[in-house]
Amino acid sequence: MSANSPGYPDVKRIKTLRLYGGSMAYVLMISLMVSGLFSAFWLMQSHQQQFLSKVLGEERAYANLISGLNLFCISEKKGDSWRTALFESPSDSAAMVLEPWGLYRLAICSGRSGQQRVQKMALLGQAPGGYFAKSLFLADHRQPLCLAGDSHLGGELFLPGGNFKTASVLGKGFTGKKLPRGPVYNSFLKKAETHIPNLHSLQKAFSFSQKPAVYSLRDWRLRQPWDNQAFEQQLDGKLLIEACEISGKCSFAASENIEISADAKLDMVQLFAKHIYIKSGFHGRIQAFASQSIRLDSGVILNYPSVLMLMPGKEGGEISLGKSCEIVGGIGVESPPEAGSTLVKIDEGSHVQGHVWGMDKLDLRARISGCVITENFILQTAGGHFHNHLRDASIDFRELPAGFAMPFLQRDAALRPVGWLGEERMTNNE
């Protein structure tokens, strides 16, 4: 009996839904679009996760590099290479490889976190200690220190007899604002010794065959990466450096003179010669080593970390700074017992921030924000020579910035970073 037969209620016919070809295509297209969007989203999430993982890994590796450098500087074991695990983790570590650069040390620093590894180059110095952390050490030759003019001594002092006195030089007495108030100790039977680990290699740089000639580096453009071998030039004769730009791991040696013009741009370069002459107006960062003389005209500026060091023979030698020079780093003399007399002259208006050490005689009329270690003071005037007299000079170690890294002059001293190499800005200690 059918549904429409008499006796059954009237039931409406249910129509079957049919999708034609065009409708099926729309459904399929929408499904593919949704699937593609989900796939693209998943792919973007995956790439973003990998990118973040790499960035975070590099950041952690860099943090490990910094931690490793700080640990190395305070560690007792300091060889030419060093490695340590960090945070008791097998995937985190740091390592150092060291080599000398003048009176400082280059450190190739690396940090690792998992598969990520980063590397940077740093320059290291030493934390001042012992006599190098005092304002003045004047050797005792039974001649007291006399203060005249506008002189100032601050901080801890080591003086002959543990005392000082005021004096008059050519009619000018002591006019300083105050006399030394810090601790004053006796320097009797004491000697401030230096220890330079790579002294022999520095001395070898003065070995030449004598073939006089004149060379010029005019219009040179050279930037040597710190992770490469050093660019070295050893010339027999005289070297003129003018109108050039040289930076990085570069070393120049001349058997006679090196003359540096004001328009030369030198950054972190090493120089070796019998005589080194820097003309007025030069501004840069150098380490200069001479066997007979170093002379700076007035107004020369040598930024941190710069060094002027005399390494004399039997004939002795001299370092001379003109008026209004600025040096941040160190000025010193390293001479064997058989060497002749050495003199360092620092003229009025000049300012040295760092260490002045090792000379037989020091003619000082400038400001030293740091440490002075000398055998004698000498004041040369038109009216004569005055032994162990200071006139219009200032010495105060307390003016040295905290964290200042001095050259390598001490045995077993704590290390300090000077700054990163290969970057325009370094640690500012001015």
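Residues numbered from 1 in each chain as written. Predicted model: local features only at pLDDT ≥ 70, side-chain atom pairs only at ≥ 80, totals over all residues. Heavy atoms only, no water.

**A word on the overall build of the chain**
To keep things clear, this is the line we draw: Strands here mean DSSP runs of E at least two residues long; helices mean DSSP runs of H or I at least four residues long; both are numbered from the N terminus. Partly exposed residues are those whose accessible area sits between 20% and 50% of the maximum for their type, while under 20% is buried and over 50% is exposed, using a 1.4 Å probe and protein chains only. Contacts are residue-level and defined by heavy atoms, with any inter-residue pair within 4.5 Å sufficient. Each accessible area is a Shrake-Rupley estimate made with a 1.4 Å probe; only the visible protein chains count as cover when residues are assessed.
Helix and strand content of the chain: 2 helices and 29 strands. Relative to its 430 residues, the chain shows a buried fraction of 47%. Taking contacts inside the chain between residues at least 6 apart in sequence as the whole, the part at least 24 apart equals 53%. In the structure as shown, the chain presents an accessible area of about 22,400 Å², 52% of it carried by carbon and sulfur atoms.

**Here we look at the pattern of salt bridges**
Worth spelling out the cut-off: Every case where a carboxyl oxygen of Asp or Glu lies within 4 Å of a side-chain nitrogen of Lys or Arg is listed as a salt bridge.
Using the criterion set out here, one finds 18 salt bridges in the structure. E242 serves as the salt-bridge partner of R218, at 3.8 Å between the closest nitrogen and oxygen. Of this pair, R218 sits in the loop between strand 11 (214–216) and strand 12 (221–224) while E242 sits in the loop between strand 14 (238–241) and strand 15 (245–248), placing them 24 residues apart in sequence. Residue classification places R218 among the partly exposed residues on the basis of a relative accessible area of 46%. The partly exposed category is assigned to E242, whose relative accessible area is 23%. Across the pair K238 and E259 runs a salt bridge whose closest N-O atoms are separated by 3.8 Å. Here K238 is found in strand 14, whereas its partner E259 is found in strand 17 (residues 257–260), with 21 residues between them in sequence. Since its relative accessible area comes to 28%, K238 is described here as partly exposed. Within the structure, one salt-bridge network assembled from shared partners comprises K172, R391 and D392.

**Some details on the confidence of the model for the chain**
In plain terms, the rule: Looking at any residue, its pLDDT shows the predictor's confidence there, from 0 to 100.
Looking at the chain as a whole, its pLDDT mean stands at 88, while 85% of the residues score no less than 70. Overall, residues 424–430 carries pLDDT values under 50, and its contacts beyond four positions in sequence, including any with other chains, amount to 19 contacts.

**Here's the deal with the sheet that holds strand 9 (residues 164–166)**
Each strand in a sheet pairs with its neighbour through backbone hydrogen bonds, running either in the same direction (parallel) or in the opposite one (antiparallel). For the record, the criterion: DSSP calls a pair of strands paired once it identifies at least 2 bridges connecting them. Helix axes are fitted only over the stretch in contact, all axes being lines through C-alpha atoms; the angle between N-to-C directions runs from 0 to 180 degrees.
Read across the open sheet, the 3 strands follow the order 9-6-27; overall the sheet is parallel. Each edge of the open sheet is held by one strand with a lone partner, namely strand 9 and strand 27 (389–391). On average, each strand axis in the sheet is tilted by 25° relative to the strand beside it, whichever way the strands run. Pairing of strand 6 (residues 145–148) with strand 27 involves 3 bridges; the strand directions are parallel. Each bridged residue has a counterpart across the sheet, and for A148 the counterpart in strand 27 is R391.

**Describing the side chain of S251**
By the secondary structure assignment, S251 is in strand 16 (residues 250–254). Ignoring sequence-local partners within four residues, the contact set of S251 consists of W101, F231, E232, Q233, Q270 and F272.

**What to know about the sheet that holds strand 3 (residues 104–113)**
The strand order across the open sheet formed by 5 strands is 1-2-3-4-29, and the pairing between neighbours is antiparallel. Where the open sheet ends on each side, the last strands, each with one partner, are strand 1 (81–86) and strand 29 (415–420). Averaged over all pairs of adjacent strands, the angle between their axes in this sheet comes to 30°, without regard to strand direction. In this structure, strand 4 (residues 116–126) lies alongside strand 29, joined through 5 bridges in antiparallel fashion. By the bridge assignment for strand 29, L123 is matched with G419.

**With respect to the environment of A127**
Structurally, the position occupied by A127 is in the loop between strand 4 and strand 5 (136–138). Excluding its chain neighbours within four sequence positions, the residues that come into contact with A127 are M406, Q410, A413, A414 and R416.

**Some details on the pairing of strand 6**
Neither face of strand 6 is left uncovered, since the one carrying L145 and L147 and the one carrying C146 and A148 both have all their residues buried. Of the strand pairs in this sheet, strand 6 and strand 9 are connected by 3 bridges, and their pairing is parallel. Looking at the pairing, L147 lines up with T166 of strand 9.

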